[in-house]
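Now for the letters of each chain:
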Amino acid sequence: MTEQPYELELGPRIADVLRDRTDLSGPAGIGELAVLPGGHSGLTYRLPVGEGRALVVKAVPRGQRSVGRHDMLKQARIMSALAGTDVPVPPVRAVDETEPAWFAVDFIHGESIEPTLDDPAIDPEVAAARMLRAAEILPRLHRVPVASLPAGGDPLTPQEELARWSKTMGAVPAELVPGAVDLEERLARRVPDALDVTLVHGDYRLGNIICTGNEPAAIIDWEIWSIGDPRVELGWFLVFADGSNFPGVGREVPGLPSEGALLGAYAAGGRAPEAMDWFNALGRFKMAAIMGHNLRRHREGRHHDPDQERLPDTIVRLISSGLERLG
């Protein structure tokens, strides 16, 4: 017998929790769940509540638990903890810890588009303004007192970050990631001293920031947040600021802020980052490892996705540009 769509099972659970919340449902009541495309963790739905208002529901898939990329409770806890700070996050309205767990936040109107990768392409001036604002806002995350945060796992030093992604890269056949061994060895020879740990989003980029006009209205997708060196996050952000990193996959956007301009915008709101060539190269190594892993899974038939065949040129470029950063 065909299993019914999960939203038909999940909807009544949500209604039970929200039934007495007149601030959410109002006279118009609670509508039906509608799938929101584009999410990479758990399941994401739009839920009308009341007249002219909606929530976003993030749910653990049927039969799963809140762990790894499906850890909805981890996301809900960090966004709740950030509610009283100047970090823009959507307000958490409801949490159900009964597995499979779910939580609901306000639906924030706007766009979350990665200019160098996502479609549709946006106006280059808008892309540039949003990217600069993202760099200016990132220090807010890194200023949040670590003691005020929920448990986020053991913090990783730069050395441990490199070891983590070296393990991922090491599982990829060498012919899919040419030059990776050289890049890893150069990174290993020059590991910077660690800074005091901060909150790290884990995937901070415009694709995970809802913007209203040019202004970041909400940082979303917190499933891999952690405590660590803030420069790891900044180096990852810089990977997406250069469309030449993604030949065959993305696009070059004229007029995006330079690497120096983005680092300057970040430094204006916090501490001037040191050793950024290393962290920039680490970000490229990390992205090449992820793409190499996905390409390997496709070619081994573990996850058939012909789109992965577009990745080889980008993997080569990420590794070569990482080597360029290290001289």
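This structure is a prediction, so every number in the text was calculated from the model and none was measured. (Residues numbered from 1 in each chain as written. Predicted model: local features only at pLDDT ≥ 70, side-chain atom pairs only at ≥ 80, totals over all residues. Heavy atoms only, no water.)

Participant: Please give an account of the overall build of the protein that cites residues and values.
Facilitator: Scanning the protein for helices and strands turns up nine helices and nine strands. Computed over C-alpha atoms, the radius of gyration of the protein comes to 20 Å, within 12% of the 20 Å expected from 2.2 N^0.38 for 327 residues, which places it in the range of a compact globule. In terms of overall dimensions, the protein has C-alpha extents of about 65 × 50 × 40 Å along its principal axes. The 327 residues of the protein split such that 47% are buried. Across the protein, contacts joining residues at least 24 apart in sequence account for 72% of those joining residues at least 6 apart. As presented, the protein carries roughly 15100 Å² of accessible surface, and 51% of it is formed by carbon and sulfur atoms. Positive and negative charge centroids in the protein, built from 34 and 47 side chains respectively, lie 2 Å apart. (Helix = DSSP H or I, 4+ residues; strand = E, 2+ residues; numbered from the N terminus. Rg over C-alpha atoms; globule rule 2.2 N^0.38 Å. Buried < 20%, exposed > 50% of the residue type's maximum accessible area, 1.4 Å probe, protein only. Contact = heavy atoms within 4.5 Å. Areas by Shrake-Rupley, 256 points an atom, 1.4 Å probe, with all protein chains shown as cover. Lys, Arg positive; Asp, Glu negative; His and termini not counted. Charge placed at Lys NZ, Arg CZ, Asp CG, Glu CD.)

Participant: Tell me about the nonpolar core, and name the residues and values.
Facilitator: Ranked by size, the top nonpolar core spans 76 residues in total, and within it Leu82, Tyr204 and Trp222 carry the most contacts. In terms of residue count, helix 8 (residues 276-299) provides more of this core than any other element does, eleven residues in total. Ignoring any residue separated from it by four or fewer positions in sequence, one finds Tyr204 in contact with Ala134, Ile137, Leu138, Leu141, Ile209, Ile219, Glu233, Trp236 and Phe237. Formed by 14 residues, the second largest nonpolar core is a distinct cluster that contains Tyr6, Leu10, Leu33 and Val49. (Core = buried A, V, L, I, M, F, W, Y, C linked by side-chain atoms within 4.5 Å.)

Participant: So what's going on with the sheet that holds strand 2 (residues 43-48)? Which residues, and what values?
Facilitator: Spatially, 1-2-3-5-4 is the arrangement adopted by the five strands of the open sheet, whose pairing is antiparallel. Looking at strand neighbours, the two that pair on one side only are strand 1 (34-35) and strand 4 (92-96), the edges of this open sheet. In the sheet, strand 2 pairs with strand 3 (residues 54-59) via six bridges, with the strands oriented antiparallel. For Arg46, the partnering residue across the bridge sits in strand 3 and is Val56. Where helix 1 (residues 6-18) meets the sheet, its contacts fall on strand 1, strand 2, strand 3, strand 4 and strand 5 (102-106), and the angle it forms with strand 2 comes to roughly 55 degrees. (Pairing = 2+ DSSP bridges. Axes fitted to C-alpha atoms, helices over the stretch in contact; angles between N-to-C directions.)

Participant: Please set out the side chain of Asn280 residue by residue, giving values where relevant.
Facilitator: Note on placement: Asn280 falls in helix 8. Ignoring any residue separated from it by four or fewer positions in sequence, one finds Asn280 in contact with Gly235, Leu238, Val239, Glu259 and Arg325.

Participant: Describe the packing of aromatic side chains, and please don't skip the residues or the numbers.
Facilitator: Each aromatic ring pair is described using two quantities: the centre-to-centre distance and the angle formed by the ring planes. For the structure shown, the criterion picks out four aromatic pairs. Every member of this aromatic cluster is reached through a ring pair, and the members are Trp236, Phe240 and Phe246. Looking at Arg46, its charged tip hangs above the ring of Phe107, at a distance of 4.8 Å from the centre. One cation-aromatic arrangement involves Lys74 over Trp225; the distance from NZ or CZ to the ring centre is 5.5 Å. (Phe/Tyr/Trp six-rings, centres within 6.5 Å; stacked < 30°, edge-to-face > 60°. Lys NZ or Arg CZ within 6 Å of the ring centre and 35° of its normal.)

Participant: Tell me about the packing of helix 5 (residues 180-189) against helix 9 (residues 312-326), and name the residues and values.
Facilitator: As a packed pair, helix 5 and helix 9 sit with axes 9 Å apart at the nearest point and diverge in direction by 30 degrees. With respect to helix 9, the axis of helix 5 lies roughly parallel. At the point where helix 5 passes helix 9, the crossing takes the left-handed sense. Contacts between helix 5 and helix 9 pair Ala180, Asp182, Leu183, Arg186 and Leu187 from the former with Ile319, Gly322, Leu323 and Leu326 from the latter. Across the contact of helix 5 with helix 9, the residue classes break down as six nonpolar, one polar and two charged. (Parallel < 35°, antiparallel > 145°, perpendicular 65-115°, else oblique. Left-handed = near helix turned anticlockwise from the far one by under 90°. Nonpolar A, V, L, I, M, F, W, Y, C, P; charged D, E, K, R; others polar.)

Participant: Residue-level account of unusual backbone geometry, with values.
Facilitator: Excluding glycine, a negative phi dihedral is what most residues carry, and trans is how most peptide bonds are arranged. Following Glu99, the chain continues into Pro100 via a peptide bond in cis, with omega recorded as -5 degrees. Structurally, Pro100 can be placed in the loop between strand 4 and strand 5. Note that the residue after Asp119, namely Pro120, is joined by a cis bond; omega there is 0 degrees. The residue Pro120 is located in the loop between strand 5 and helix 3 (124-143) in this model. For Asp221, which is not a glycine, the phi torsion comes out positive at approximately 55 degrees. On the secondary structure map, Asp221 appears in the loop between strand 8 (215-219) and strand 9 (226-228). Note on Asp221: relative accessible area 18%, which makes it buried. Positive phi, close to 60 degrees, is recorded for Ala275, a residue that is not glycine. If you trace the backbone, Ala275 turns up in the loop between helix 7 (259-268) and helix 8.

So, to be careful, I would describe these as geometric facts and stop short of saying anything about function.
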